[in-house]
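Results of the structural survey
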Number of protein chains: 2
Amino acid sequence: MILSRTSQYAIQALIYIATKPSGEPVLNREIAEHLNVPPAYLAKIMQSLCKGSLLYSFRGRLGGFCLREGAEKTDLMQILVLTEGVGFTHECVLGLKICSDETACPMHFKWKPIKEKVVALLREQTLEKLAKAVMTGKYRLADVPAVLMAGAGQPAGEPV
Amino acid sequence: MILSRTSQYAIQALIYIATKPSGEPVLNREIAEHLNVPPAYLAKIMQSLCKGSLLYSFRGRLGGFCLREGAEKTDLMQILVLTEGVGFTHECVLGLKICSDETACPMHFKWKPIKEKVVALLREQTLEKLAKAVMTGKYRLADVPAVLMAGAGQPAGEPV
DNA sequence: ATTAATTGGGATTCCGATATCTTGTTTTGA
DNA sequence: TCAAAACAAGATATCGGAATCCCAATTAAT
């Protein structure tokens, strides 16, 4: 039921980029600040997304990251394959190494249809769709709008 | 989509005990061997299941663990609350600290119904049901029947 | 050219889950 | 009484994901 932090950061970052004008590189620093995520760690994830052919990267001034052509159509499953590895949906709920229709754990056939629903959902959610949902303003990508954090270095004195 | 190893071991162990005649203490060592799980680690988990009021433990010779009265009716959700903590189903898919119907991430309302299905499934699967399923012989609790591992200390020479 | 701003990538650190070790306590049976 | 068998519990070790650090490579503006 839980994705790794790496996966969560990756998805968030990709959606964020997808909300920006395509073609204009977005800075790692900007993404990290907006999402409130460790910049150095995000940088690593961005690298792997480049290697996974979802992003272009540009070095030097005016550098940054932007979506590869067509990458707006990327669905969450494709992203998770990069971050969690292929077959991350094939794992047994009870942790058995071998658990298939033929050699099943007692949860196998109950779990299977739910797993299929999850995969279907992941496949239908594209960056484009998710980015649009965020752009309407009805949905959030980050806990606290970065703007509100800006001047919050120190809390304002004794609040009592 | 993934439970911690601790949760997996806990569920497996409880089902295993539920397949045994109730009232007769089952040895930690026996459970660990049967499930092919680290005995010392399992022992810790058993302790916490005792504290969680699912098991009785008995020390000394003829000691071991057995289900508390009525514990056959325990469902997986109850077990997971012990091992994963309450509210382990409340976490946002994208990892946002705050994600509710009011302040939703772009996946929130898509994910919600699936999560509800998962919880419903966990609530309807009791130790009794699962143990019976295993006892029919159609479903497995462990990867390899412990019997087959017994004499397998050294592989049998060069298999070329 | 030089400098500043950016990503690339290896090395390292940190931390929590997982696993092990060691010692103490309880219980049974000889 | 004593020894063996089992769980209790705290301390310690291991491992992998998460996070940080450092420096090299690249690019644009001056």
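First, a word on what this report is: a plain description of the structure on this page. The residue count restarts for each chain, going from 1 along the sequence in the order it is written. Working convention: letters from A go to chains and numbers from 1 go to ligands, in the order in which they are written. This being a predicted model, a pLDDT of at least 70 is required before a residue's local features are given, and a value of 80 or more before pairs of side-chain atoms are given or counted; all residues contribute to the totals for chains, interfaces and linings. Values reported for side chains reflect all heavy atoms of the structure, with hydrogen atoms and water molecules removed beforehand.

Cavity: a set of points on a 1 Å grid over the protein atoms alone where a 1.4 Å probe fits but cannot get out. Pocket: an open set with protein on both sides within 12 Å along at least five of seven lines, its lining residues, like those of a cavity, having an atom within 4 Å of a point. Grid points are joined across faces, edges and corners, and a volume is the space filled by probe spheres set on the points. As a volume, the largest pocket reaches approximately 430 Å³. Lining the largest pocket we find 21 residues, and of these Gln8 and Asp143 of chain A together with Gly95, Leu96 and Lys97 of chain B sit closest to its centre. Only DSSP runs of H or I reaching four residues or more are called helices, and only runs of E reaching two or more are called strands; each is numbered from the N terminus. Counting residues per element, the lining of the largest pocket draws most heavily on helix H1 (residues 5–18) of chain A, which supplies 4 residues.

Helix axes are fitted only over the stretch in contact, all axes being lines through C-alpha atoms; the angle between N-to-C directions runs from 0 to 180 degrees. Two elements in contact, helix H5 (residues 108–124) of chain A and helix H5 (residues 108–124) of chain B, have axes whose closest approach is 11 Å; the angle formed by their N-to-C orientations is 170°. Of the possible angle classes, the one that applies to H5 of chain A and H5 of chain B is roughly antiparallel. Contact with H5 of chain A, carried on its side by Lys110, Trp111, Ile114, Lys117, Val118 and Leu121 of chain A, involves Lys110, Trp111, Ile114, Lys117, Val118, Leu121 and Glu124 of chain B of H5 of chain B and no other residues of that element. Taken together, the residues of the contact of H5 of chain A with H5 of chain B break down into 8 nonpolar, no polar and 5 charged. Just so you know how the angles are binned, under 35 degrees is roughly parallel, over 145 roughly antiparallel, 65 to 115 roughly perpendicular, and the rest oblique. Here, two residues are considered to be in contact whenever any of their heavy atoms come within 4.5 Å of each other. We call Asp, Glu, Lys and Arg charged. Ala, Val, Leu, Ile, Met, Phe, Trp, Tyr, Cys and Pro are nonpolar, and the rest, Gly among them, are polar.

Turning to the protein's contact with DNA strand C, a few remarks are in order. When we say a residue is near a molecule or strand, we mean one of its heavy atoms is within 4 Å of it. If you check the shell around DNA strand C, you find 25 residues, and the closest are Arg29, Lys44, Ser57 and Arg59 of chain A together with Thr6 of chain B. A share of 68% of the atoms of DNA strand C within 4 Å of the protein falls on sugar and phosphate groups. Pairs of N or O atoms are called polar contacts if they sit within 3.5 Å, as long as, within protein, a hydrogen donor faces a hydrogen acceptor (for residues adjacent in sequence, only side-chain-to-side-chain pairs). In the model, a base nitrogen of DNA strand C is placed 3.1 Å from a nitrogen or oxygen of the Gln47 of chain A side chain. A distance of 3.3 Å separates a sugar or linking oxygen of DNA strand C from a polar atom in the side chain of Arg61 of chain A. Put simply, the parts of the chain that give the surface near DNA strand C at least two residues each are helix H2 (28–35), helix H3 (39–51), strand S1 (55–58) and strand S2 (64–67) of chain A together with helix H1 (5–18) and helix H3 (39–51) of chain B. Here the surface near DNA strand C is composed, by residue class, of 8 nonpolar, 8 polar and 9 charged.

Here the focus is unusual backbone geometry. Within the chain, Ser53 of chain A stands out as a residue other than glycine whose phi angle is a positive 70°. As for its placement among the helices and strands, Ser53 of chain A is situated in the loop between H3 and S1. Positive phi, normally seen in glycine, also occurs at Leu62 of chain B, with a value near 65°. Structurally, the position occupied by Leu62 of chain B is in the loop between strand S1 (55–58) and strand S2 (64–67).

Our next topic: the protein's contact with DNA strand D. By nearness alone, 25 residues border DNA strand D, and Thr6 of chain A together with Arg29, Lys44, Ser57 and Arg59 of chain B come closest of all. In DNA strand D, atoms within 4 Å of the protein come from the sugar-phosphate backbone in 74% of cases. Between DNA strand D and Tyr41 of chain A there is a distance of 3.3 Å, counted from a phosphate oxygen to a side-chain nitrogen or oxygen. Here Arg61 of chain B contributes a side-chain N or O atom positioned 3.4 Å from a sugar or linking oxygen of DNA strand D. For the surface near DNA strand D, a count of residues per class yields 8 nonpolar, 8 polar and 9 charged.

Counting residues at the interface gives 40 residues for chain A and 40 residues for chain B. Once two parts are brought into contact, the accessible area they lose, counted with a 1.4 Å probe and summed over both, makes up the buried area. Regarding the contact of chain A and chain B, the summed buried area is about 3800 Å², with carbon and sulfur atoms giving 70% of it. Any Lys or Arg side-chain nitrogen located within 4 Å of an Asp or Glu carboxyl oxygen qualifies as a salt bridge. The tally of links from chain A across to chain B stands at 0 salt bridges. For the interface between chain A and chain B, the tally reads 10 residue pairs in polar contact (both at pLDDT 80 or more).

Residue and element names in this part refer to chain A. Between the first and last C-alpha of H3 there are 18 Å, a value that for 13 residues agrees with the 18 Å anticipated at 1.5 Å per step. Exposure categories follow from relative accessible area, calculated using a 1.4 Å probe and restricted to protein chains: below 20% of the type maximum is buried, above 50% is exposed, and the middle band is partly exposed. Among the residues of H3, Leu42, Ile45, Met46, Leu49 and Cys50 are the ones counted as buried. Summarising the axial view, the buried residues of H3 lie within an arc of 145°, below the 170-degree limit, and thus occupy one face. Exposed residues lying more than 90 degrees from the buried face of H3 are Ala40, Lys44 and Lys51. Where H3 is buried, its residues meet H1, H2, S1, S2 and helix H4 (76–84). Once H3 finishes, Ser53 follows within two positions and takes phi at roughly 70°, a positive value. The span you would expect from a helix comes to 1.5 Å times its residue count less one. Arc definition: directions from the helix axis to the C-beta atoms.

Stacked, edge-to-face and tilted labels apply to pairs of Phe, Tyr and Trp rings (six-membered ring for Trp) whose centres lie within 6.5 Å, assigned for plane angles under 30 degrees, over 60, and everything in between, in that order. Counting across every chain of the model gives 5 aromatic pairs over all chains. Ring centres of Phe109 of chain A and Tyr139 of chain B lie 6.3 Å apart, and the angle between their planes is 70°; on these two criteria the pair is classed as edge-to-face. Here Phe109 of chain A is found in helix H5, whereas its partner Tyr139 of chain B is found in the loop between helix H6 (127–135) and helix H7 (146–149) on a different chain. The exposure class of Tyr139 of chain B is partly exposed, given its relative accessible area of 25%. An angle of 45° between the planes, with centres 6.5 Å apart, marks the rings of Tyr56 of chain B and Phe58 of chain B as tilted. The partly exposed category is assigned to Tyr56 of chain B, whose relative accessible area is 29%. When its relative accessible area of 43% is taken as the criterion, Phe58 of chain B is described as partly exposed.

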